[in-house]
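The lines below spell out each chain.
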Amino acid sequence: MDLSLTEAERDLVDLCREFARKEIAVRAPAAWEEARCPTDLLREMGALGLLGMLVPEEWGGIGMSTVGFVAAMEQLGLADQSVAAAWQAHVTIGSLPLLLFGDDAQRERWLRPLAEGRALGAFGLTEPDAGSDARGISTQAESRDDGWLINGRKTFISNAGTDMSFGVTLLARTASAEGEAPKFASFVVEKDTPGFTMGPKMRGIGWRGLDTRELFFDDVWVPDDHLIGDPAMGLNQFLRTLEVGRISIAALSLSLTQAVLDLATEYARERKQFGQPISQFQAIQFKLADIATELEAARWLTYRAAYLRDTGQPYLKEAAMAKLKASRVANWAASEAVQIHGGIGYMLESPVSRFYCDAKVLEIGEGTNEIQHLVIARALGC
Ligand SMILES: Cc1cc2nc3c(=O)[nH]c(=O)nc-3n(C[C@H](O)[C@H](O)[C@H](O)COP(=O)(O)OP(=O)(O)OC[C@H]3O[C@@H](n4cnc5c(N)ncnc54)[C@H](O)[C@@H]3O)c2cc1C
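Basis of the calculations
Residues numbered from 1 in each chain as written. Predicted model: local features only at pLDDT ≥ 70, side-chain atom pairs only at ≥ 80, totals over all residues. Heavy atoms only, no water. Near = heavy atom within 4 Å. Polar contact = N/O pair within 3.5 Å; in protein donor to acceptor, adjacent residues only side chain to side chain. Areas by Shrake-Rupley, 256 points an atom, 1.4 Å probe, with all protein chains shown as cover. Helix = DSSP H or I, 4+ residues; strand = E, 2+ residues; numbered from the N terminus. Core = buried A, V, L, I, M, F, W, Y, C linked by side-chain atoms within 4.5 Å. Buried < 20%, exposed > 50% of the residue type's maximum accessible area, 1.4 Å probe, protein only. Contact = heavy atoms within 4.5 Å. 1 Å grid on protein atoms, 1.4 Å probe; cavity = no way out; pocket = protein on both sides within 12 Å on 5 of 7 lines; lining within 4 Å. Points joined across faces, edges and corners; volume = space filled by probe spheres on them. Pairing = 2+ DSSP bridges.

Student: Is there a simple way to think about the site of the ligand in this case?
Tutor: Taken together, 15 residues lie around the ligand, and Thr126, Ser132, Phe156, Thr368 and Glu370 are the ones closest in. Within the backbone of Phe123, an N or O atom sits 2.8 Å from a nitrogen atom of the ligand. A distance of 2.9 Å separates a nitrogen atom of the ligand from a polar side-chain atom of Ser158. Protein burial of the ligand: of its 970 Å² of free accessible surface, 62% is covered by the chains. Sorting the residues of the shell around the ligand by element identifies strand 3 (147-158) and helix 12 (369-379) as the ones contributing at least two each.

Student: I would appreciate a short explanation of the nonpolar core in the present structure.
Tutor: Grouped burial of nonpolar side chains is what soluble globular proteins tend to show. Counting 88 residues, the largest nonpolar core has Ile24, Leu42, Met45, Met53 and Trp87 as the members making the most contacts within it. It is helix 7 (residues 234-270) that contributes the most residues to this core, 14 residues altogether. If we ignore the near neighbours within four places in the chain, the residues touching Met53 are Leu12, Ile62, Gly63, Met64, Phe69, Ala72, Trp87 and Val91. Membership of the second largest hydrophobic core comes to 18 residues, among which are Ala122, Ala141, Leu170 and Leu227.

Student: What is the right way to read the layout of surface pockets from this model?
Tutor: A probe matching the size of a water molecule, rolled over the atoms, marks out where space remains unfilled. For the largest pocket, the calculated volume is near 1400 Å³. Lining the largest pocket we find 48 residues, and of these Thr126, Ile364, Gly365, Glu366 and Gly367 sit closest to its centre. Mapped by element, the contributors of at least two residues to the lining of the largest pocket are helix 4 (81-91), strand 3, helix 7 and helix 12. Per-element accounting of the lining of the largest pocket gives the leading share, seven residues, to helix 7.

Student: Honestly, the pairing of strand 7 (residues 212-223) in this entry has me stumped. Any pointers?
Tutor: A regular strand places its side chains so that they alternate between the two faces of the sheet. As paired strands, strand 3 and strand 7 are joined by nine bridges and run antiparallel to one another. Pairing of Gly147 across the sheet is with Pro223, part of strand 7. Pairing of strand 6 (residues 196-198) with strand 7, which is carried by three bridges, proceeds in the antiparallel orientation. Across the sheet, residue Phe196 finds its bridge partner in strand 7, namely Phe217.

Set out below in structure tokens:
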């Protein structure tokens, strides 16, 4: 496995490092404090081509590899996790159903604006009574008048309610004959479609800059050309999309771990107690050494999953392992980094506290860690 970056990937990393340092790190903390999605930053990232990361040039993107995407995330997530979360949700689950399963007319109409950074994409799977159990969704789509009538409710949907959002690609149940397995299809529902409404931005303990809401569909009618791909394959499409999402959350976790390692190391070298920097105490050194080692282990799992995807090999198990390991490491590392900071680490005035708040969701979003265990166990033949 060769994980050295190509010239294009290295250029992308440089671009992301610069933008993260000069713009995101400077402007995103205020958005986090105000619990506001900084779409100004996302628009600027769009202008740089970053919103079409995994979309080929033919459809307005930059056709980057998954390895390049992970490397870009390592830079963006260092500066702010909410912006990186909104970005990755757009690039993966928000855009890929259209790229992978849409027809050319749908790609031209909806994917191109997403890839060119003129709109933000959203993925509507979770419902109040169906999270881990995706087959349990109850949103219904009924074939009606050369189109589909959609009724139901989605929850925790990211990127659907900003001033840059185009709407949502959602999963709904369709009619199946008595005794037949349930069928699912995916549809695009654009903003401003009659009957499509949403609740206020939800208030998370972290990712406060990410726009996450409940969506309501009351007799929402969309024409047939809003159906994405095979009407019986919607669930399969969504689950395949989530495989990439797992690599993405693993990459986000790497960036958080690197951020808290950097902050804790810097603090430990400056903070003096008992007449010396606390970095001179072996207890602190061991914590930092452990974080660095675990981060490197998580990094290899994540890049390997990305490499497998790029080379057309199966990566379901590896993506689940990467997400499981990297999100655990991020949560443990964030806690250790706060510990190294002592009292100031607990205060929202210190940047490390923000990363600590942002860490928890990494073990929940895009399939909880319990579900990652199930995926891995199934791959082992259990
Ligand atoms: C900030 C944020 C953003 C999100 N963005 C989106 C989005 O854009 N689009 C979208 O569709 N969803 C989104 N989600 C939803 C997210 O994917 C779900 O929260 C997640 O899949 C878990 O579903 P749930 O919350 O219903 O928990 P549940 O499925 O109810 O799980 C509750 C607990 O039970 C455990 N559990 C469930 N089943 C099993 C089992 N079989 N074995 C062992 N343990 C089990 C879970 O691991 C968890 O610990 C978002 C969530 C958050 C918090």
